[in-house]
Amino acid sequence: MHAGLGRMYVEDERFTATYEAMAPGLAKYVSTANQANAARQG
């Protein structure tokens, strides 16, 4: 579930737009961090 949420930051334009408005590259950063954490947790 956490990995799927992480993908939404870059796959759903609404998520992407919100985070990119805060800082360029933030959507990809948050997505990568979420997916890495999910992988680490198994």
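See the structure printed just above.
Please read these numbers as outputs of a predicted model, since none were measured by experiment.

Which residues make up the overall build of the chain, and what values do they have?
Check the secondary structure of the chain and you find three helices and zero strands. In the chain, the order of α-helices and β-strands from amino to carboxyl end is α-α-α. Once the C-alpha set of the chain is aligned to its principal axes, its extents read approximately 30 × 15 × 10 Å. Of all 42 residues assigned to the chain, the portion counted as buried reaches 19%. Pairs at least 24 apart in sequence give 39% of the contacts found in the chain among residues at least 6 apart. With the model as given, the accessible surface of the chain reaches about 3100 Å², and the carbon-plus-sulfur share is 59%.

Explain the packing of helix α1 (residues 2-11) against helix α3 (residues 26-41) to me, using residue names and the numbers behind them.
In the contact formed by α1 and α3, the axes pass within 8 Å of each other and the chain directions differ by 165°. For the element pair α1 / α3, the angle class is roughly antiparallel. Like other packed secondary-structure pairs, α1 and α3 cross with a definite hand, here left-handed. Taking contact as the criterion, the partners of His2, Ala3, Leu5, Gly6, Arg7, Tyr9 and Val10 in α1 are, on α3, Ala27, Lys28, Val30, Ser31, Asn34, Gln35, Asn37 and Ala38. Among the residues making up the contact of α1 with α3, the classes are represented as seven nonpolar, six polar and two charged.

Tell me about the pattern of salt bridges, and please be specific about residues and values.
One pass over the full model with this rule turns up one salt bridge. Across the pair Asp12 and Arg14 runs a salt bridge, and its minimum N-O distance is 2.6 Å. Judged by its relative accessible area of 14%, Asp12 falls in the buried class.

Please set out the packing of aromatic side chains residue by residue, giving values where relevant.
Using the criterion set out here, one finds two aromatic pairs in the structure. Where Tyr9 meets Phe15, the ring centres are 5.3 Å apart and the plane angle is 85°; that geometry is what we call edge-to-face. Judged by its relative accessible area of 24%, Phe15 is partly exposed. For the pair Tyr9 and Tyr19, a centre-to-centre distance of 4.9 Å together with 80° between the ring planes defines the contact as edge-to-face. Of this pair, Tyr9 sits in helix α1 while Tyr19 sits in helix α2 (residues 13-22), placing them ten residues apart in sequence.

Calculation notes
Residues numbered from 1 in each chain as written. Predicted model: local features only at pLDDT ≥ 70, side-chain atom pairs only at ≥ 80, totals over all residues. Heavy atoms only, no water. Helix = DSSP H or I, 4+ residues; strand = E, 2+ residues; numbered from the N terminus. Buried < 20%, exposed > 50% of the residue type's maximum accessible area, 1.4 Å probe, protein only. Contact = heavy atoms within 4.5 Å. Areas by Shrake-Rupley, 256 points an atom, 1.4 Å probe, with all protein chains shown as cover. Axes fitted to C-alpha atoms, helices over the stretch in contact; angles between N-to-C directions. Parallel < 35°, antiparallel > 145°, perpendicular 65-115°, else oblique. Left-handed = near helix turned anticlockwise from the far one by under 90°. Nonpolar A, V, L, I, M, F, W, Y, C, P; charged D, E, K, R; others polar. Salt bridge = Lys/Arg side-chain N within 4 Å of Asp/Glu carboxyl O. Phe/Tyr/Trp six-rings, centres within 6.5 Å; stacked < 30°, edge-to-face > 60°.

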